[in-house]
Amino acid sequence: MDLNSASTVVLQVLTQATSQDTAVLKPAEEQLKQWETQPGFYSVLLNIFTNHTLDINVRWLAVLYFKHGIDRYWRRVAPHALSEEEKTTLRAGLITNFNEPINQIATQIAVLIAKVARLDCPRQWPELIPTLIESVKVQDDLRQHRALLTFYHVTKTLASKRLAADRKLFYDLASGIYNFACSLWNHHTDTFLQQVSSGNEAAILSSLERTLLSLKVLRKLTVNGFVEPHKNMEVMGFLHGIFVRLKQFLECSRNIGTDNVCRDRLEKTIILFTKVLLDFLDQHPFSFTPLIQRSLEFSVSYVFTEVGEGVTFERFIVQCMNLIKMIVKNYAYKPSKNFEDSSPETLEAHKIKMAFFTYPTLTEICRRLVSHYFLLTEEELTMWEEDPEGFTVEETGGDSWKYSLRPCTEVLFIDIFHEYNQTLTPVLLEMMQTLQGPTNVEDMNALLIKDAVYNAVGLAAYELFDSVDFDQWFKNQLLPELQVIHNRYKPLRRRVIWLIGQWISVKFKSDLRPMLYEAICNLLQDQDLVVRIETATTLKLTVDDFEFRTDQFLPYLETMFTLLFQLLQQVTECDTKMHVLHVLSCVIERVNVQIRPYVGCLVQYLPLLWKQSEEHNMLRCAILTTLIHLVQGLGADSKNLYPFLLPVIQLSTDVSQPPHVYLLEDGLELWLVTLENSPCVTPELLRIFQNMSPLLELSSENLRTCFKIINGYIFLSSTEFLQTYAVGLCQSFCELLKEITTEGQVQVLKMDQLLGNMIEMWVDRMDNITQPERRKLSALALLSLLPSDNSVIQDKFCGIINISVEGLHDVMTEDPETGTYKDCMLMSHLEEPKVTEDEEPPTEQDKRKKMLALKDPVHTVSLQQFIYEKLKAQQELLGEQGFQSLMETVDTEIVTQLQEFLQGF
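Residues numbered from 1 in each chain as written. Predicted model: local features only at pLDDT ≥ 70, side-chain atom pairs only at ≥ 80, totals over all residues. Heavy atoms only, no water.

Right, let's get into a positive patch on the surface. A cluster of basic residues, Arg-75, Arg-118, Arg-162 and Arg-167, forms a positive patch on the protein surface. Structurally, Arg-118 can be placed in helix H6 (residues 103–120). (Patch = residues over 30% accessible without salt bridge, like charges linked within 9 Å, V, L, I, M, F, W, Y side chains within 5 Å. Areas by Shrake-Rupley, 256 points an atom, 1.4 Å probe, with all protein chains shown as cover. Salt bridge = Lys/Arg side-chain N within 4 Å of Asp/Glu carboxyl O. Lys, Arg positive; Asp, Glu negative; His and termini not counted. Charge placed at Lys NZ, Arg CZ, Asp CG, Glu CD. Helix = DSSP H or I, 4+ residues; strand = E, 2+ residues; numbered from the N terminus.)

Here it is in structure tokens:
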């Protein structure tokens with residue numbers, strides 16, 4: 001591509017590619033795609049996106065095409081790879097000027113330079129790092145910032161490489177530039193600290209931005225740039241200096257407003273300081289040992305004393321708590337049970353920890369966590385009132401402990417209590433003792449303190465197993481508190497029922513469960529929605545527990561199920577509906593068929609909920625799970641659900657419908673249990689099997705369930721099912737064979753030989769079959785090949801007769817009165833087995849299996865008569881002479897035995 005002539009054409013097409021008109025856009029995109037492999041195309045793009053006079057959208061698109069080109073064509077081995085000459089020119093052009101005025105484009109240019117550096121630095125691009133170092137020293141603010149931005153992205157990319165040779169190169173780079181990076185960071189940091197008092201927001205923001213970028217560079221160099229960083233004085237000096245800088249930056253927050261860009265950047269920088277410490281601790285725990293004492297002192301002072309008042313903010317507190325937690329839990333710092341087996345490094349770290357976590361320190365941390373951080377805040381109480389479902393979702397925030405204050409404090413409490421339970425158990429027990437009896441509903445602070453202590457007792461349930469008589473506490477303290485119906489007591493009602501849920505699987509006498517069920521029935525009628533949702537959660541934990549007894553639960557089943565259904569109707573949030581559905585599913589699964597009298601309302605509601613949840617696939621998954629348990633509970637009566645159930649299965653298992661990505665696994669399970677519990681086949685049930693062929697083509701992890709479904713149809717109505725789908729199934733199975741190994745494919749391809757080899761192997765391995773029923777079945781199967789004029793089958797005739805006679809020896813018994821033989825495996829009926837109370841009642845498919853056993857050829861076909869009929873048919877096919885020739889291939893002794901068994905025919 002000639003640069004001068006091509007630039008105009010490429011610029012015009014790029015302009016068209018930014019159009020909103022698809023008629024203009026599509027041809028332009030096609031043209032650009034064709035140019036991707038043309039020599040000189042990327043040089044044209046470079047000229048376009050570095051020309052600041054052109055339209056921003058066009059320049060942005062040019063950068064993106066250049067970046068994609070690096071991914072596809074920069075490597076030497078790539079198809080249509082760029083020439084080394086063009087790459088040399090492009091590398092030089094990329095770092096000529098760091099003067100991009102548009103932030104978004106500057107970031108993209110920095111990223112694409114980093115992409116090239118990942119492939120070419122330092123061998124093909126040795127000048128990159130020196131150029132960046134020189135460029136970040138210039139006085140021009142724009143050039144300095146863009147160079148620093150590029151410096152960060154290059155460092156970040158090189159640090160992410162994991163091959164040993166690449167890591168060695170990064171170690172060399174880090175040791176070579178670390179001193180400069182530290183100096184750069186200190187310079188920008190000092191500049192920022194000097195400017196804070198000036199009040200010049202633009203200048204403060206500019207220097208803070210440079211401080212942040214230079215710190216990002218140092219983070220990558222420090223964490224990834226050294227094998228043994230504790231041996232490098234500059235690294236350890238920087239890390240120790242973080243605590244000084246953190247104090248300075250936290251104090252600066254007093255002089256910067258709470259709602260502006262500077263404040264946002266300041267907090268990001270403070271968090272980045274803590275990330276350096278956390279990353280370094282994670283990657284180099286033993287190198288971090290000299291920092292343990294200072295990290296703990298710093299974090300505890302700012303989080304658990306008055307030092308942090310007025311300067312800390314939530315994300316910073318979370319990071320400090322994570323730092324404490326990582327030090328407490330770090331396995332590198334935990335000695336073996338036999339101290340002599342521990343490394344000196346481990347013992348040194350453990351010694352520092354033990355010296356810090358004294359009784360007064362642990363007590364203060366524990367009391368502060370419970371009495372300060374566990375307290376429900378005004379914001380949380382307001383949210384409880386205004387958005388109770390949102391409050392419930394926030395409280396069960398999953399993996400949010402790393403980022404959100406409340407979950408983080410609870411995880412820290414659990415970890416510290418587990419590590420130092422002997423010290424902290426008496427502290428928590430003392431706090432419990434001070435809260436005996438009811439609390440004045442007018443004293444909101446006292447109510448919140450009790451809520452916090454109960455929270456701690458629930459979180460530490462396993463640690464308190466031997467120290468708390470929970471059964472007595474439940475009867476004497478907790479149960480009466482659940483009966484206080486005052487509105488201000490609702491936080492405690494909710495906390496107490498949550499607390500019981502935490503102790504259910506830890507220590508709760510089975511005899512007390514009826515009292516708990518009574519309380520749950522009352523709380524499911526509570527005026528407060530949050531209390532009812534929490535009660536539903538505890539109910540789920542109760543029925544899930546291994547000590548659950550159905551007989552204790554049944555008297556409360558109707559009331560609970562009705563109240564849960566009402567709760568399901570009342571809640572509006574998708575997450576809450578899913579949660580209540582899971583509780584209902586657990587109840588249905590536990591009581592099984594005994595749910596039948598109570599599910600009418602749910603059965604009527606689920607179609608409406610399914611329709612309303614069209615945009616919420618996870619809620620639909622919860623509905624599918626509920627339907628699975630519902631069908632199992634209803635058994636044959638589930639046929640009444642078919643008008644709703646079968647379209648749900650149809651949609652969930654249709655791979656042409658986008659929702660199948662979410663619904664397929666549960667949809668297949670529902671399809672299977674529907675078949676297993678179906679009393680008879682229906683045209684609609686048969687019709688949804690049309691979904692199976694594409695499912696078999698997927699050959700996914702769901703293939704086993706698909707085969708179970710196919711078996712279910714065969715058990716249900718083999719004749720009708722196979723008449724409709726046998727041909728398609730065979731084709732699908734043949735396609736499946738393509739997925740097997742090469743050796744398997746070769747064997748399948750030898751079908752001119754396969755039948756003979758199979759019969760020969762069958763005959764040879766007959767002695768491996770030990771069960772008489774299976775031996776008879778093998779004889780019947782091989783005899784079913786007769787009559788035949790197929791040369792392969794006739795060649796194996798001798799073996800077929802041998803197996804048949806062996807089968808006769810297995811199954812024939814002589815009647816002493818008549819002297820004749822009869823097949824002892826023939827049955828006229830099969831006795832119904834009795835089901836004990838502990839066993840689940842048989843499904844419709846279980847019954848079909850028993851009925852099918854009555855039709856099993858082993859029990860319905862006389863082997864003696866079958867052999868006679870097959871030999872007679874073979875004789876008629878070949879004629880007397882041909883049949884005699886065939887019989888001569890059989891050993892005379894075998895023929896004699898055969899004739900004895902066939903006497904009377």
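Bringing a nonpolar patch on the surface into the picture now. A cluster of nonpolar side chains, Met-618, Val-661 and Tyr-662, forms an exposed patch at the surface whose accessible area comes to about 330 Å². Mapped onto the fold, Val-661 is located in helix H31 (residues 660–676). A relative accessible area of 61% places Val-661 in the exposed class. (Buried < 20%, exposed > 50% of the residue type's maximum accessible area, 1.4 Å probe, protein only.)

Further remarks concern the layout of surface pockets. Estimates place the volume of the second largest pocket at around 670 Å³. Contributing to the lining of the second largest pocket are 27 residues, with Glu-209, Leu-212, Lys-216, Arg-265 and Lys-268 lying nearest its centre. Mapped by element, the contributors of at least two residues to the lining of the second largest pocket are H6, helix H8 (141–159), helix H10 (201–224) and helix H12 (261–283). Broken down by element, the residue count for the lining of the second largest pocket peaks at 10 residues, all from H10. Along the lines of polarity and charge, the residues of the lining of the second largest pocket split into 10 nonpolar, five polar and 12 charged. (1 Å grid on protein atoms, 1.4 Å probe; cavity = no way out; pocket = protein on both sides within 12 Å on 5 of 7 lines; lining within 4 Å. Points joined across faces, edges and corners; volume = space filled by probe spheres on them. Nonpolar A, V, L, I, M, F, W, Y, C, P; charged D, E, K, R; others polar.)

At a minimum axis distance of 10 Å, the contact between helix H14 (residues 314–329) and helix H19 (residues 405–419) shows a crossing angle of 20°. Our classification of the angle between H14 and H19 gives roughly parallel. In the crossing of H14 with H19, the sense of the turn from one axis to the other is left-handed. Side by side, H14 and H19 meet where Glu-314, Ile-317, Val-318, Met-321, Asn-322, Ile-324, Lys-325, Val-328 and Lys-329 of the first sit next to Leu-405, Cys-408, Thr-409, Val-411, Leu-412, Asp-415, Ile-416 and Glu-419 of the second. Among the residues forming the contact of H14 with H19, the class breakdown is 10 nonpolar, two polar and five charged. (Axes fitted to C-alpha atoms, helices over the stretch in contact; angles between N-to-C directions. Parallel < 35°, antiparallel > 145°, perpendicular 65-115°, else oblique. Left-handed = near helix turned anticlockwise from the far one by under 90°. Contact = heavy atoms within 4.5 Å.)

Residues of helix H18 (residues 388–395) that are buried include every one of Glu-389, Gly-390, Phe-391 and Thr-392, and no others. Where H18 is buried, its residues meet helix H17 (378–386), helix H23 (490–503), helix H25 (529–544) and helix H27 (574–591).

To describe a pair of aromatic rings, you give the distance between the ring centres and the angle between the ring planes. Going through the model one piece at a time under the given rule, you end up with 38 aromatic pairs. Pairing Phe-49 with Phe-66 gives two aromatic rings, centres 5.6 Å apart and planes at 90°, and the pair type is edge-to-face. Residue Phe-49 is located in helix H3 (residues 41–49), and its partner Phe-66 is located in helix H4 (residues 56–73); the two are separated by 17 residues in the primary sequence. Here the two residues Phe-49 and Phe-66 agree in accessibility, since each one is buried. When the centroid spacing of 4.7 Å and the interplanar angle of 5° are considered together, the rings of Phe-470 and Trp-503 count as stacked. You can see Phe-470 sitting in helix H22 (residues 470–482) and its partner Trp-503 sitting in helix H23, a full 33 residues away along the chain. Of the two residues, Phe-470 and Trp-503, both sit in the buried class. (Phe/Tyr/Trp six-rings, centres within 6.5 Å; stacked < 30°, edge-to-face > 60°.)

The subject of this paragraph is the side chain of Ser-804. Looking at where Ser-804 falls in the secondary structure, it is placed in helix H39 (residues 797–811). For Ser-804, a relative accessible area of 1% gives the class buried. In this view, Ser-804 contacts Ala-779, Leu-783, Leu-863 and Ile-867; residues no more than four positions away in its chain are not counted.

Another aspect to go through is the pattern of salt bridges. With the rule as written, the count across this model stands at 38 salt bridges. With its nearest N and O atoms 2.6 Å apart, the salt bridge here joins Arg-513 to Asp-545. Of this pair, Arg-513 sits in helix H24 (residues 513–523) while Asp-545 sits in the loop between H25 and helix H26 (550–570), placing them 32 residues apart in sequence. For Arg-513, a relative accessible area of 0% puts it in the buried group. One network of salt bridges, in which partners are shared, links Glu-209, Asp-264, Arg-265 and Lys-268.

A few words now on the nonpolar core. Counting 265 residues, the largest nonpolar core has Phe-413, Ile-500 and Trp-671 as its most contacted members. Each residue touching Phe-413, except ones within four places of it in the same chain, is listed here: Cys-366, Leu-369, Val-370, Phe-374, Leu-428, Ala-456, Leu-459 and Ala-460. The next biggest cluster of nonpolar side chains, apart from the first, holds 31 residues, and it includes Ile-759, Leu-783, Phe-797 and Ile-894. (Core = buried A, V, L, I, M, F, W, Y, C linked by side-chain atoms within 4.5 Å.)

Another aspect to go through is the confidence of the model for the chain. In this model, the chain carries a mean pLDDT of 90, and residues with pLDDT of at least 70 account for 95%. Below a pLDDT of 50 lies the segment residues 740–751, which in the model reaches six contacts outside its immediate sequence neighbourhood of four places, other chains included. (pLDDT = per-residue confidence, 0-100.)

Further remarks concern the packing of helix H29 (residues 617–634) against H31. The contact between H29 and H31 brings their axes to 9 Å, and the two run at 15°. Here H31 runs roughly parallel to H29, going by the angle between their axes. The hand of the H29/H31 crossing is left-handed. Along the contact surface, H29 presents Asn-617, Met-618, Arg-620, Cys-621, Leu-624, Thr-625, Leu-627, Ile-628, Val-631 and Gln-632, while H31 presents Tyr-662, Leu-663, Asp-666, Gly-667, Glu-669, Leu-670, Val-673 and Thr-674. Its residues assigned to classes, the contact of H29 with H31 comprises 10 nonpolar, five polar and three charged.

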